[in-house]
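# Fold and geometry: a report
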Amino acid sequence: MYFIVVKYQVKPENTENFMDHVAEFTQATRAEEGNLWFDWSVSVEDPNEFVLVEAFRDDEAASAHVNSAHFAAGIESMRPLLVSTPKIVSRKVEGEGWDSMGELVID
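Residues numbered from 1 in each chain as written. Predicted model: local features only at pLDDT ≥ 70, side-chain atom pairs only at ≥ 80, totals over all residues. Heavy atoms only, no water.

### Section: the nonpolar core
Counting residues in hydrophobic clusters, the biggest one holds 17 residues, and the most contacted among them are Tyr8, Phe18, Trp40 and Met78. Only strand E1 (2–9), strand E2 (35–42), strand E3 (49–56) and helix H3 (59–66) provide two or more residues apiece to this core. Contacts of Phe18, omitting those with residues within four sequence positions, involve Val10, Trp40, Phe50, Met78, Leu81 and Leu82. Membership of the second largest hydrophobic core comes to 5 residues, among which are Phe3, Val5, Ala55 and Val89. (Core = buried A, V, L, I, M, F, W, Y, C linked by side-chain atoms within 4.5 Å. Buried < 20%, exposed > 50% of the residue type's maximum accessible area, 1.4 Å probe, protein only. Helix = DSSP H or I, 4+ residues; strand = E, 2+ residues; numbered from the N terminus. Contact = heavy atoms within 4.5 Å.)

### Topic: helix H2 (residues 23–30)
Among the residues making up H2, those that are buried are Phe25, Thr26 and Thr29. Looking straight down H2, one finds its buried side chains confined to an arc of 100 degrees; they lie on one side. Of the exposed residues in H2, those oriented more than 90 degrees away from the buried face are Glu24 and Gln27. Turning to H2, the residues buried within the fold contact E2, E3, H3 and helix H4 (69–78). (Arc of directions from axis to C-beta.)

### Structural notes on the environment of Asp46
Its location among the elements puts Asp46 in the loop between E2 and E3. For Asp46, a relative accessible area of 21% gives the class partly exposed. The spatial distance from the C-alpha of Asp46 to the C-alpha of Gln9 is 9.0 Å, given a sequence separation of 37 residues. Polar side-chain contacts of Asp46 include one of 2.9 Å to the side chain of Gln9. (Polar contact = N/O pair within 3.5 Å; in protein donor to acceptor, adjacent residues only side chain to side chain.)

### Things to note about the pairing of E1
Burial runs high along E1: 6 of the 8 residues are buried. Examined bridge by bridge, E1 and E3 share 8 bridges and lie antiparallel to one another. Considered in E3, the bridge of Phe3 is made with Ala55. (Pairing = 2+ DSSP bridges.)

### Some details on the packing of aromatic side chains
In this structure the tally under the stated criterion is 8 aromatic pairs. Their ring planes at 85 degrees and their centres at 5.5 Å tell us that Phe18 and Trp40 sit as a pair that is edge-to-face. Taken together, the positions of Phe18 in helix H1 (residues 18–21) and Trp40 in strand E2 put the pair 22 residues apart, joining distant regions of the chain. Their ring planes at 85 degrees and their centres at 6.3 Å tell us that Phe38 and Trp40 sit as a pair that is edge-to-face. Here the aromatic cluster, defined as three or more aromatic residues joined through ring pairs, consists of Tyr8, Phe18, Phe25, Phe38, Trp40, Phe50 and Phe71. (Phe/Tyr/Trp six-rings, centres within 6.5 Å; stacked < 30°, edge-to-face > 60°.)

### Considering the packing of H2 against H4
Following both chains from N to C, one finds H2 and H4 inclined at 155 degrees, their axes separated by 10 Å at the closest point. Here H4 runs roughly antiparallel to H2, going by the angle between their axes. Classified by chirality, the crossing of H4 by H2 is left-handed. Facing H2, whose interface residues are Phe25, Ala28 and Thr29, H4 presents His70, Phe71, Gly74 and Met78. (Axes fitted to C-alpha atoms, helices over the stretch in contact; angles between N-to-C directions. Parallel < 35°, antiparallel > 145°, perpendicular 65-115°, else oblique. Left-handed = near helix turned anticlockwise from the far one by under 90°.)

What follows is the structure, encoded as structure tokens:
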């Protein structure tokens, strides 16, 4: 499994409609072959920070996602809504159980 966490710092004036704005991108990604999960949440500490957690079956599925047309379109449409470039952490996870993941740290 390929696990990815992305933190998006959204401009305050765009926070209220951000989830509506990314709905098409979200639906297209969830429909991809090899997508295991794709879910958004809002940071507990900062209401302008959206966190995306996604997982793909393997490296090939993750690569297909990043190279897809809807990924490129989604990134371009999000750019004007953001304060800065998103922070990304990813890790290939092999094994089962909680201890397989190890620790992920995102600044």
